Amino acid sequence: MGARREVLSAVAERYRSAGRVEKGRVLDALCRTTGWHRKHAVRALRRCVADKAVETRAPRERKRRYGLTIKDALTALWEASDRVCGKRLVVRIPTLVPALEQHGRLHLGGGEQAQLLAVSAATIDRMLSDVKVAAAGWPSAAGRVLLRDPP
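Residues numbered from 1 in each chain as written. Predicted model: local features only at pLDDT ≥ 70, side-chain atom pairs only at ≥ 80, totals over all residues. Heavy atoms only, no water.

### Regarding the confidence of the model for the chain
Note the threshold: pLDDT expresses, on a scale from 0 to 100, how confident the predictor is about each individual residue. Note on contacts: a residue pair qualifies if any of its non-hydrogen atoms lie within 4.5 Å across the two residues.
Overall, the prediction assigns the chain a mean pLDDT of 84, with 85% of residues at 70 or greater. Segment residues 143–151: pLDDT under 50, and 4 contacts once partners within four positions in sequence are set aside and those in other chains are kept.

Have a look at this one:
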(Lines give C-alpha, C1' and ligand atoms only; values in the text may rest on other atoms or scores of the structure.)
Protein backbone atom coordinates (compact mmCIF):
# COMPACT_ATOMS: atom_id res chain seq x y z
CA MET A 1 0.00 0.00 0.00
CA GLY A 2 2.90 2.36 0.75
CA ALA A 3 4.38 1.79 -2.69
CA ARG A 4 1.12 2.78 -4.36
CA ARG A 5 1.01 6.01 -2.36
CA GLU A 6 4.58 6.79 -3.39
CA VAL A 7 3.71 6.20 -7.04
CA LEU A 8 0.60 8.36 -6.64
CA SER A 9 2.51 11.26 -5.09
CA ALA A 10 5.18 11.01 -7.80
CA VAL A 11 2.60 11.13 -10.59
CA ALA A 12 0.28 13.74 -9.01
CA GLU A 13 2.31 16.82 -9.94
CA ARG A 14 2.67 15.67 -13.55
CA TYR A 15 -1.09 14.98 -13.66
CA ARG A 16 -1.94 18.41 -12.26
CA SER A 17 0.10 20.32 -14.82
CA ALA A 18 -0.80 18.12 -17.82
CA GLY A 19 -3.34 18.79 -20.54
CA ARG A 20 -6.29 16.54 -21.39
CA VAL A 21 -4.43 14.05 -23.61
CA GLU A 22 -1.44 13.83 -21.30
CA LYS A 23 -3.72 13.26 -18.30
CA GLY A 24 -5.13 10.24 -20.08
CA ARG A 25 -1.65 8.85 -20.60
CA VAL A 26 -0.74 9.45 -16.96
CA LEU A 27 -3.91 7.66 -15.88
CA ASP A 28 -3.20 4.70 -18.15
CA ALA A 29 0.32 4.36 -16.75
CA LEU A 30 -0.92 4.68 -13.15
CA CYS A 31 -3.59 2.01 -13.70
CA ARG A 32 -1.03 -0.39 -15.21
CA THR A 33 1.42 0.22 -12.36
CA THR A 34 -0.98 0.02 -9.40
CA GLY A 35 -3.70 -2.27 -10.74
CA TRP A 36 -6.38 0.26 -9.84
CA HIS A 37 -9.49 0.90 -11.91
CA ARG A 38 -9.42 4.11 -13.89
CA LYS A 39 -12.12 5.86 -11.84
CA HIS A 40 -10.33 5.03 -8.59
CA ALA A 41 -7.10 6.43 -10.00
CA VAL A 42 -8.83 9.66 -11.07
CA ARG A 43 -10.31 10.12 -7.60
CA ALA A 44 -7.00 9.37 -5.90
CA LEU A 45 -5.17 11.88 -8.10
CA ARG A 46 -7.78 14.56 -7.50
CA ARG A 47 -7.58 13.99 -3.77
CA CYS A 48 -3.78 14.12 -3.83
CA VAL A 49 -3.72 17.28 -5.96
CA ALA A 50 -6.40 18.94 -3.79
CA ASP A 51 -4.49 18.14 -0.59
CA LYS A 52 -1.34 19.73 -2.00
CA ALA A 53 -3.26 22.79 -3.21
CA VAL A 54 -4.86 23.30 0.20
CA GLU A 55 -1.50 23.13 1.94
CA THR A 56 0.05 25.82 -0.24
CA ARG A 57 -2.76 28.38 -0.04
CA ALA A 58 -2.57 31.04 2.64
CA PRO A 59 -5.88 31.85 4.35
CA ARG A 60 -7.40 35.09 3.15
CA GLU A 61 -8.51 37.44 5.87
CA ARG A 62 -11.44 39.64 5.07
CA LYS A 63 -11.48 43.23 6.21
CA ARG A 64 -14.52 44.18 8.26
CA ARG A 65 -16.59 46.95 6.79
CA TYR A 66 -18.72 47.72 9.84
CA GLY A 67 -17.23 47.94 13.30
CA LEU A 68 -18.53 47.59 16.82
CA THR A 69 -19.84 51.17 16.84
CA ILE A 70 -22.17 50.39 13.92
CA LYS A 71 -23.34 47.19 15.61
CA ASP A 72 -24.11 49.06 18.83
CA ALA A 73 -25.97 51.74 16.87
CA LEU A 74 -27.96 49.08 15.02
CA THR A 75 -28.83 47.43 18.32
CA ALA A 76 -30.12 50.74 19.68
CA LEU A 77 -32.10 51.38 16.49
CA TRP A 78 -33.50 47.84 16.56
CA GLU A 79 -34.66 48.25 20.16
CA ALA A 80 -36.15 51.68 19.45
CA SER A 81 -38.07 50.35 16.46
CA ASP A 82 -39.69 47.58 18.54
CA ARG A 83 -37.34 44.83 17.27
CA VAL A 84 -38.44 44.77 13.65
CA CYS A 85 -36.69 42.72 10.96
CA GLY A 86 -33.81 44.08 8.90
CA LYS A 87 -35.95 44.91 5.86
CA ARG A 88 -38.23 47.14 7.88
CA LEU A 89 -35.41 48.62 9.95
CA VAL A 90 -33.53 49.84 6.84
CA VAL A 91 -36.48 52.05 5.92
CA ARG A 92 -36.69 53.51 9.45
CA ILE A 93 -33.00 54.27 9.93
CA PRO A 94 -33.01 57.74 8.27
CA THR A 95 -35.80 58.93 10.55
CA LEU A 96 -34.66 57.18 13.74
CA VAL A 97 -31.01 58.32 13.72
CA PRO A 98 -31.75 62.06 14.15
CA ALA A 99 -34.39 61.32 16.79
CA LEU A 100 -32.08 59.10 18.85
CA GLU A 101 -29.23 61.62 18.54
CA GLN A 102 -31.55 64.40 19.68
CA HIS A 103 -32.51 62.43 22.81
CA GLY A 104 -28.89 61.52 23.56
CA ARG A 105 -29.26 57.79 22.95
CA LEU A 106 -26.96 57.72 19.91
CA HIS A 107 -23.67 59.53 19.26
CA LEU A 108 -22.24 59.07 15.76
CA GLY A 109 -19.66 60.86 13.65
CA GLY A 110 -20.21 61.80 10.02
CA GLY A 111 -18.52 58.71 8.59
CA GLU A 112 -20.29 56.37 10.99
CA GLN A 113 -23.66 57.90 10.16
CA ALA A 114 -22.98 57.45 6.43
CA GLN A 115 -22.06 53.79 7.05
CA LEU A 116 -25.22 53.29 9.07
CA LEU A 117 -27.36 54.71 6.28
CA ALA A 118 -25.59 52.49 3.70
CA VAL A 119 -25.98 49.16 5.51
CA SER A 120 -28.23 46.59 3.82
CA ALA A 121 -31.10 44.62 5.34
CA ALA A 122 -29.26 41.30 5.08
CA THR A 123 -26.21 42.75 6.81
CA ILE A 124 -28.41 44.10 9.59
CA ASP A 125 -29.91 40.66 10.13
CA ARG A 126 -26.44 39.07 10.18
CA MET A 127 -25.01 41.64 12.58
CA LEU A 128 -27.95 41.43 14.97
CA SER A 129 -28.36 37.64 14.92
CA ASP A 130 -26.61 37.08 18.26
CA VAL A 131 -28.41 40.08 19.80
CA LYS A 132 -31.76 38.68 18.67
CA VAL A 133 -31.00 35.25 20.14
CA ALA A 134 -29.96 36.79 23.46
CA ALA A 135 -33.02 39.07 23.53
CA ALA A 136 -35.31 36.10 22.93
CA GLY A 137 -33.82 34.35 25.96
CA TRP A 138 -32.47 31.34 24.07
CA PRO A 139 -29.23 29.82 25.30
CA SER A 140 -27.93 29.35 21.75
CA ALA A 141 -29.05 29.32 18.15
CA ALA A 142 -29.10 25.49 18.18
CA GLY A 143 -31.57 25.49 21.08
CA ARG A 144 -33.88 27.76 19.12
CA VAL A 145 -34.13 25.23 16.31
CA LEU A 146 -34.81 22.31 18.63
CA LEU A 147 -37.57 24.00 20.58
CA ARG A 148 -39.57 25.27 17.61
CA ASP A 149 -43.10 23.94 17.08
CA PRO A 150 -43.36 21.46 14.21
CA PRO A 151 -44.73 22.95 10.96
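From this point on, the discussion continues.
### Brief notes about the layout of surface pockets
Keep this limit in mind: In the cavity and pocket records, a cavity denotes points on a 1 Å grid over the protein atoms alone where a 1.4 Å probe fits but cannot get out, a pocket denotes an open set with protein on both sides within 12 Å along at least 5 of 7 lines, and lining residues are residues with an atom within 4 Å of a point. Grid points are joined across faces, edges and corners, and a volume is the space filled by probe spheres set on the points. Under the scheme applied here, ten amino acids are nonpolar (Ala, Val, Leu, Ile, Met, Phe, Trp, Tyr, Cys and Pro), four are charged (Asp, Glu, Lys and Arg), and all others, including Gly, are polar.
Space inside the largest pocket adds up to approximately 340 Å³. Residue composition of the lining of the largest pocket, by class: 2 nonpolar, 1 polar and 5 charged.

### Description of the pattern of salt bridges
Defined as follows: For this document, the term salt bridge refers to a Lys or Arg side-chain nitrogen within 4 Å of an Asp or Glu carboxyl oxygen. Partly exposed residues are those whose accessible area sits between 20% and 50% of the maximum for their type, while under 20% is buried and over 50% is exposed, using a 1.4 Å probe and protein chains only.
Counting across every chain of the model gives 6 salt bridges. Here Arg-83 and Glu-79 are joined by a salt bridge, their closest N and O atoms 3.3 Å apart. For Arg-83, a relative accessible area of 43% translates into the label partly exposed.

### Brief notes about the packing of aromatic side chains
Cut-off, in case you're wondering: The criterion for an aromatic pair is that two Phe, Tyr or Trp rings (for Trp, the six-membered ring) have centres within 6.5 Å, with stacked assigned to planes under 30 degrees apart, edge-to-face to planes over 60 apart and tilted to the rest. We call a charge positioned above a ring when the Lys NZ or Arg CZ atom is no farther than 6 Å from the ring centre and deviates by at most 35 degrees from the ring normal.
The full count for this structure, using the stated rule, is 0 aromatic pairs. It is Lys-23 that lies over the ring of Tyr-15; its NZ or CZ is 5.0 Å from the centre.

### Focus: helix α4 (residues 68–80)
Convention followed: By the criteria applied, helices consist of DSSP H or I runs no shorter than four residues and strands consist of E runs no shorter than two, each listed in order from the N terminus. Multiply 1.5 Å by the residue count of a helix minus one, and that product is the helix's expected span.
Helix length check: α4 (13 residues) gives 18 Å between terminal C-alpha atoms against 18 Å at 1.5 Å per residue, within 8%. Those residues of α4 that sit buried are Ile-70, Ala-73, Leu-74, Thr-75, Ala-76, Leu-77 and Trp-78. As for α4, its buried residues are in contact with α5 (86–102), α6 (110–118), α7 (121–127) and α8 (129–136). Downstream of α4 by a residue or two, Asp-82 has a phi angle that is positive, lying close to 65 degrees.

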